[in-house]
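A look at the structure
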Amino acid sequence: MLNFTAPDDICLRDYQESAVEVLRDGIRRGVRRQILCAGTGAGKTVIAAHLLKQAHEKGSYALFLVDRVALVKQTSDTFARYGIPHGVVQGINDRWSPRENVQVCSIQTLARRILPRDPALIVYDEAHCLYKSTLDYMAQHPDAVKVGLTATPFTPGMGQHWDGMVNVRSTRKLIEDGHLIEPTIFVAKSPDDADLGLNKFGEFSDDSAASAGIRIVGDVVSEWIAKTHQHFGGPAKTIVFSPTVEHGRELCAAFAAAGYNFQQISYLDRSDEERAAKIEEFRRPDTMIHGLVSCGVLTKGFDVPDTLIGVSCKPYRKSLSSHMQEIGRVMRSASGKDKALWLDHSGNVERFAIDMFDVWEHGAGELSNAEKRDTTPRKRDEQVREKVVCPECSGALRGTTCMCCGWEKPARSSIVAVDGALHQFDTQSITLKARDGLRAACLSDPRTVWDAALAFCFERSRKGDDHAIRWAKSVFRSIYPNDWPAGSWGVSPPALVDQGAYALIDRETKRFRNASKRRAA
């Protein structure tokens with residue numbers, strides 16, 4: 001007799017249920033193109049499965065779009081586990097069944113296929129990837145509800161194709177709740193920026209990154225051996241991100257010479273089957289593969305939760321999203337996993353740590369502001385290094401504390417010497433810098449402005465306390481563009497509020513809304 005396994009129930013966490021309700025509220029208001037923004041581990045695929053299962057039960061036609069063959073199988077397996085009947089639109093696939101209510105679609109194949117029904121719901125995975133064919137397909141179905149999934153909504157131009165964004169849960173909160181592992185980050189030897197050329201998009205070119213990176217392959221291998229033995233007692237499951245296939249081959253050869261089995265997967269693999277076989281072997285708890293070296297394949301959406309180490313060898317100059325997608329591959333929680341390492345041989349931590357930790361703490365913010373994060377070149381110099389690299393162990397600093405050894409940056413003294421005498425430093429003389437053009441007495445006291453923002457937003461938010469806090473931070477940041485409210489100020493609205501500061505918050509909110517209306521017009 002055949003043994004059938006009962007499907008898993010889709011059990012949403014409280015914040016996932018809240019995100020679904022916010023999405024539905026947007027749909028009721030006529031917002032038909034919404035981004036669902038959530039970091040690695042927040043459960044974007046589970047939320048999508050919930051939406052698609054409901055669509056199936058209503059008899060609606062719904063599509064889940066992915067841009068990688070490996071993700072087609074990964075998503076199909078997930079939907080099967082949840083008991084969602086579905087077809088697969090991808091090449092020659094055994095699950096081709098276009099009349100099922102739910103379809104998992106490779107975007108490359110979808111552009112060449114004709115489906116029997118128009119979709120009522122389109123869920124676009126990794127929506128920060130703006131493929132023209134996919135955007136055109138969605139535009140051809142204006143009545144369909146579109147939900148874009150991403151952890152990094154930073155791609156320039158996203159605001160032209162999406163009408164709003166729902167922020168699900170901050171990475172910091174997911175770490176605190178035990179849903180993610182915060183990696184221990186080491187800043188290791190990497191090529192100098194002067195050795196890296198630029199491509200036509202203003203990013204570091206892959207060829208120059210490979211040429212410079214090949215010269216430190218030995219350092220990559222020796223650093224990996226030292227750290228794996230120090231933290232795990234021996235080799236541990238690893239993903240390496242490489243700029244080119246040639247560089248990846250050099251890495252695999254160097255690891256092999258040291259006695260370790262690293263296999264490369266890339267866009268130049270001879271067949272999808274060969275790549276799939278390597279990935280399946282790597283997924284096994286007792287895998288014979290110590291590490292996968294990825295060239296343009298595993299950056300996003302690829303999940304092997306028990307991966308313990310990530311190695312960054314592909315430098316980015318602007319793309320915060322690429323850096324965060326890569327580091328997210330080692331942050332998944334798994335049974336018995338209480339630690340993960342990130343070994344940075346690209347300089348990306350020095351370039352992006354401040355922005356990355358900001359997103360982890362506060363979320364991506366409003367879509368119109370978030371999409372600016374991938375357009376600014378980051379500098380990597382001694383001043384930046386002092387802010388993000390521990391001088392004791394070369395670990396990454398989060399704020400003033402090293403994530404690796406616990407070293408704390410000495411606080412700046414509030415006492416200064418003047419004419420041989422000690423005087424208490426006047427903290428009121430140091431204020432955050434307000435935006436040019438603002439004129440208000442309260443600006444010299446940012447704490448008063450923050451209290452007013454909290455009071456204003458808590459009074460007016462209809463989406464709960466978390467939304468009110470995010471809103472208040474956004475308004476505060478519009479007033480002090482380069483700073484956030486201090487953590488010690490708290491997030492509870494005060495009983496008494498300075499009326500001048502309250503009026504300032506009111507004006508800033510109206511200014512933002514008027515600007516949004518002008519952009520929409």
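Figured I'd write up the structure that's included with this text. (Residues numbered from 1 in each chain as written. Predicted model: local features only at pLDDT ≥ 70, side-chain atom pairs only at ≥ 80, totals over all residues. Heavy atoms only, no water.)

Overview of the packing of helix α11 (residues 320–327) against helix α12 (residues 348–362)
Any two packed helices are characterised by how steeply their axes cross, that is the angle between the axes, and by the distance between the axes. In plain terms, the rule: Helix axes are fitted only over the stretch in contact, all axes being lines through C-alpha atoms; the angle between N-to-C directions runs from 0 to 180 degrees. The secondary structure listing takes helices from DSSP runs of H or I that are at least 4 residues long and strands from runs of E that are at least 2 residues long, numbered from the N terminus. The scheme is simple: roughly parallel for angles under 35 degrees, roughly antiparallel for over 145, roughly perpendicular for 65 to 115, oblique for anything else. Should any heavy atoms of two residues lie within 4.5 Å, those residues are counted as being in contact. Classification used: nonpolar for Ala, Val, Leu, Ile, Met, Phe, Trp, Tyr, Cys and Pro, charged for Asp, Glu, Lys and Arg, polar for all others including Gly.
At their nearest, the axes of α11 and α12 sit 10 Å apart, and the two run at 80° to each other. As far as their axial angle goes, α12 and α11 are roughly perpendicular. Across the interface between the two elements, Leu-320, His-323, Met-324 and Ile-327 of α11 pack against Asn-348, Val-349, Phe-352, Asp-355, Met-356, Val-359 and Trp-360 of α12. When its residues are assigned to classes, the contact of α11 with α12 shows 8 nonpolar, 2 polar and 1 charged.

Observations regarding the pattern of salt bridges
Convention followed: For this document, the term salt bridge refers to a Lys or Arg side-chain nitrogen within 4 Å of an Asp or Glu carboxyl oxygen. Throughout this description, buried means an accessible area under 20% of the type-specific maximum (1.4 Å probe, protein chains only), exposed means over 50%, and partly exposed covers the range between.
Under the definition given, this model contains 34 salt bridges. Asp-193 serves as the salt-bridge partner of Arg-380, at 3.0 Å between the closest nitrogen and oxygen. Of this pair, Arg-380 sits in the loop between α13 (367–370) and α14 (382–388) while Asp-193 sits in the loop between β8 (184–187) and α7 (206–214), placing them 187 residues apart in sequence. Among the residues examined, Arg-380 registers a relative accessible area of 21% and is labelled partly exposed. Given the relative accessible area of 24%, Asp-193 is considered partly exposed. Here the salt bridges share partners, and the residues they tie into one network are Asp-193, Glu-350, Arg-351, Arg-380 and Arg-385.

Here's the deal with the environment of His-161
When you line up the elements, His-161 lands in the loop between β6 (145–150) and β7 (164–167). Using a relative accessible area of 25% as the deciding quantity, one classes His-161 as partly exposed. Considered as a pair, His-161 and Ser-271 are 110 residues apart in the sequence and their alpha carbons are 34 Å apart. Residues in contact with His-161, not counting those within four places in the same chain, are Arg-33, Leu-130 and Leu-135.

Let's talk about the pairing of strand β4 (residues 102–106)
On a regular strand, one side chain projects to one face of the sheet and the next to the other, so that they alternate. Going by this rule: Should DSSP find at least two bridges between two strands, the strands are taken to pair.
Taken across its 5 residues, β4 has 5 buried, putting it largely inside the fold. Residues Val-102, Val-104 and Ser-106 line one face of β4 and the alternating positions Gln-103 and Cys-105 line the opposite face, and both faces are buried. Summarising the sheet, strand β2 (residues 62–66) and β4 pair through 5 bridges and their orientation is parallel. Each residue of the ladder has a partner; that of Phe-64, found in β4, is Val-104. Here strand β3 (residues 87–89) runs beside β4; their pairing, made up of 3 bridges, is parallel.

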